[in-house]
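Each chain, written out:
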Amino acid sequence: MPQDTPFTGDSSERFPGFPGVTVGLTAAETARIAESGLWAADGTVDPDAARLGQTLATALLDPSAEDLLPAELAAHVEEVRGLARPAYHRIEATDGVRLSAFSLRQLAPGPHPLVVFPAGWTPFGWPVFLWAYTVLARKGYHVLAYTPRGLGYAGLPSTSEGFVDVAGPNDVSDGSDVIDFARDRFAPGAIGFMGESYGSGISQLVAAHDERVSAVVALSTWGNLATSLYDHGTRHLAAVEALTGFTGGPVEEKFDEANRAILDDFANNRNLDAVVDWGLQRSPESYLEQTNEKGTPTFFSHTWHESLFPVDQLLTTFQGLEVPKRLNLWIGDHAVPEGAGLIGTRPGTVDVPLAEAYAWLDHHLKGEANGVDDWDEVCNQVMFTYVTEPVLDPETGEPTGENRVVEPAVRESRADWGRVTTRVETFALTGDGAGGADGALVPGGEGTPPPEAVGWRRSFVAGVDTDATAMDLPLMTTGQAEWAGNPKIYDTRKIDRRHAVAWTTDPLAAPDGEGPVGRRIRGVPRLRLTFRSTATSASLIAHLLDVAEDDTARIVTHEPLSAYDLTPEQDTTVTWELQAAAYDIPAGHRLMLVVDSKDPLYGDASVTWTQTTVGSPDDEPSFLELPLG
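All residue numbers refer to positions counted from 1 along the written sequence of the respective chain. In keeping with the model being predicted, local features are shown solely for residues with a pLDDT of at least 70 and side-chain atom pairs are shown and tallied solely at 80 or more, while totals for entire chains, interfaces and linings include all residues. Only heavy atoms go into the side-chain values, all of them from the structure, while hydrogens and water stay out.

A.B. asks: Just to check I follow, could you spell out helix 14 (residues 336-343) for this structure?
C.D. replies: An α-helix turns once per 3.6 residues; consequently, residues spaced three or four apart project the same way. Partly exposed describes any residue whose relative accessible area lies between the buried limit of under 20% and the exposed limit of over 50%, with all areas from a 1.4 Å probe on protein chains only and scaled to the type maximum. In this description a helix means any DSSP run of H or I spanning at least four residues, a strand means any run of E spanning at least two, and both kinds are numbered starting from the N terminus. Within helix 14, eight of the eight residues are buried, which leaves the element mostly enclosed by the surrounding structure. Listed in full, the buried residues belonging to helix 14 are Val-336, Pro-337, Glu-338, Gly-339, Ala-340, Gly-341, Leu-342 and Ile-343.

Now the structure itself:
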């Protein structure tokens, strides 16, 4: 779109267009973007996905720019323009900061419901999910999307002024200011908030504080920001480093002094009580009473192997909600299941994660009798139960080494989270196992443990990482591959036992009536260990693996724990919960527990080349509790 094209919407400003939106997209490019999803190979938002959104916005605002799109997308844009009027805005917040926004206003007589869509944590702002706004417009909604304050590259029309407040009080106030603007411009019949990632947390917080919000859709979200970033004494460093590096500018320009001090304290492992307080102020969980009083229907979509906002913290918030609610849990990582549907370029199709989110809005904002009232509260996708086939090279016809999903993974619906786990099996941990290398996980560890499960000690050299890692870096790349049918494969023989300890079950037989499944893990595993260190601090990173007959494995779940102020060579007993899982271990496979001292995701308390010793004293035997369902 030419830089001097006048803007004719609800603002006195011109719409300056997006740099680079001068070359059209081909059908092959848009198909590749839809197939690839949201994330690039470096773990950031794919610039092509952003370019697609920017091109769609340009074509909507300027009919002469439709030739920038392939024919099918151009027809979609023309249809949307026939239903809704596009406009670009600068919304002034209470403190004078101006927020970049985009709207689609229904042309037919109303009133129509409105969906407000705060953008995710990306320097591209609101255009990234432009496709989703057009889907909502075709469904009869007014749409108002905006970039939260501070986010964006300098010079982009989608960049908002101010400092990033990390879903703080300014962002909550901005949400209400956006509602004021929307009520004046659109006179909506009802208002819902929908967001992915950062926008999802802001959506929950605005709804907790503003009674005008009638429904929320929160995709890849947090309930407790404090425990998302710091739990079991462990800082989630990779997550915070990824976020602070992706605002569209250097930290000193994007955050005010107070928030920079918090980020600096977190990075340097100091004043963590203040960091926790800061996180709790930004946590929907802190405002459950207000949300419950308002009765705001809330829909969540999340992933088992979530790297930014681990699933357990969201479960705690979800269980505290006493409103109409729904939780979908999927294979993959942050924004992976929803990403393709939010940026997708396949007119006439909607991915299931988004279809159910839209159905939630249709029911609670439009009153559609679409079956949402009959939904169970929880629907879990069982990890890696999809059917895949090899991807073939189009030129040679030979397998590329990658797979594609041809049948989706199994989903299980439960009335509430409390019914996901139906029983718990306890495994005792022994000293030496077969060959003396690993210990054993022995079923039936509840009550009095077997003699071999107490009185032992096993040591490893701490401070050195092993091949037992939660996922690869950059973040989201492992989860995106999982979702596409290519979960990370571990070679358990390469996990260096000098720097880790491991315990393994015998090959698991299928219980009566369980078919080919050795164990149906459903819920939150719990681990108790007694340990000592030659240092005053140490970390324990627990990984649960599903091990096949050839010693290759897939990860079920994991969780770190860090301990400080230890007395060297004195035992400490710790119990902690691993991240929730829904995982079928095939009959004949083994369950392996690996504990080491480092993981690239986390800041740890381990001191390199010190010794950590794990044991199982008679009075506090070590065990693994495995939730089954």
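There is more to say, and it comes next.
A.B. asks: Sorry, what's going on with empty space enclosed by the protein here?
C.D. replies: Empty space left among the atoms is revealed by rolling a probe the size of a water molecule over them. Within this scheme a cavity is a closed region of a 1 Å grid, computed over the protein atoms alone, that accommodates a 1.4 Å probe without allowing it to escape, whereas a pocket is open but has protein on both sides within 12 Å along at least five of seven lines; lining residues each have an atom within 4 Å of a point. Grid points are joined across faces, edges and corners, and a volume is the space filled by probe spheres set on the points. In the structure shown here, the tally under the stated rule is five cavities of 30 Å³ or more. Within this model, the largest cavity holds a volume of roughly 200 Å³. Elements with a minimum of two residues in the lining of the largest cavity: helix 7 (225-229), helix 8 (237-244), helix 10 (257-267) and helix 11 (272-281). Per-class residue counts for the lining of the largest cavity are 15 nonpolar, two polar and no charged. Classification used: nonpolar for Ala, Val, Leu, Ile, Met, Phe, Trp, Tyr, Cys and Pro, charged for Asp, Glu, Lys and Arg, polar for all others including Gly.

A.B. asks: Could you clarify how one ought to interpret the nonpolar core in this entry?
C.D. replies: Soluble, globular proteins show a tendency: their nonpolar side chains are buried together. Counting 173 residues, the largest nonpolar core has Trp-126, Tyr-133 and Met-194 as its most contacted members. Looking at which element gives the most residues to this core, the answer is helix 2 (residues 47-61), with eight residues. Sequence-distant contacts of Tyr-133, that is, excluding residues within four places in its chain, are made with Phe-102, Leu-104, Phe-117, Trp-126, Val-143 and Ala-145. Side-chain atoms within 4.5 Å link the members of a nonpolar core, which is a set of buried Ala, Val, Leu, Ile, Met, Phe, Trp, Tyr and Cys residues. In terms of nonpolar packing, the next biggest core, distinct from the first, is built from 11 residues, Ala-468, Ala-500, Ile-555 and Met-592 among them. Every residue pair with non-hydrogen atoms within 4.5 Å of one another is taken to be in contact.

A.B. asks: How should I be thinking about the layout of surface pockets in this particular structure?
C.D. replies: The volume enclosed by the largest pocket comes to roughly 970 Å³. For the largest pocket, the lining is made up of 30 residues, of which Glu-35, Ala-340, Val-405, Trp-483 and Ala-484 are closest to its centre. Breaking the lining of the largest pocket down by element, the ones donating at least two residues are helix 1 (27-36), helix 14, helix 15 (352-366), strand 13 (399-407) and helix 16 (477-483). The leading source of residues in the lining of the largest pocket is strand 13, at six residues. Residues of the lining of the largest pocket, tallied by class, amount to 17 nonpolar, six polar and seven charged.

A.B. asks: Would you mind showing me how to read helix 4 (residues 130-138) here?
C.D. replies: Within helix 4, eight of the nine residues are buried, which leaves it mostly tucked inside the rest of the structure. All of the buried residues along helix 4 are Leu-130, Trp-131, Ala-132, Tyr-133, Thr-134, Val-135, Leu-136 and Ala-137. Directly beyond the C-terminal end of helix 4, a positive phi value near 100 degrees is found at Gly-140.

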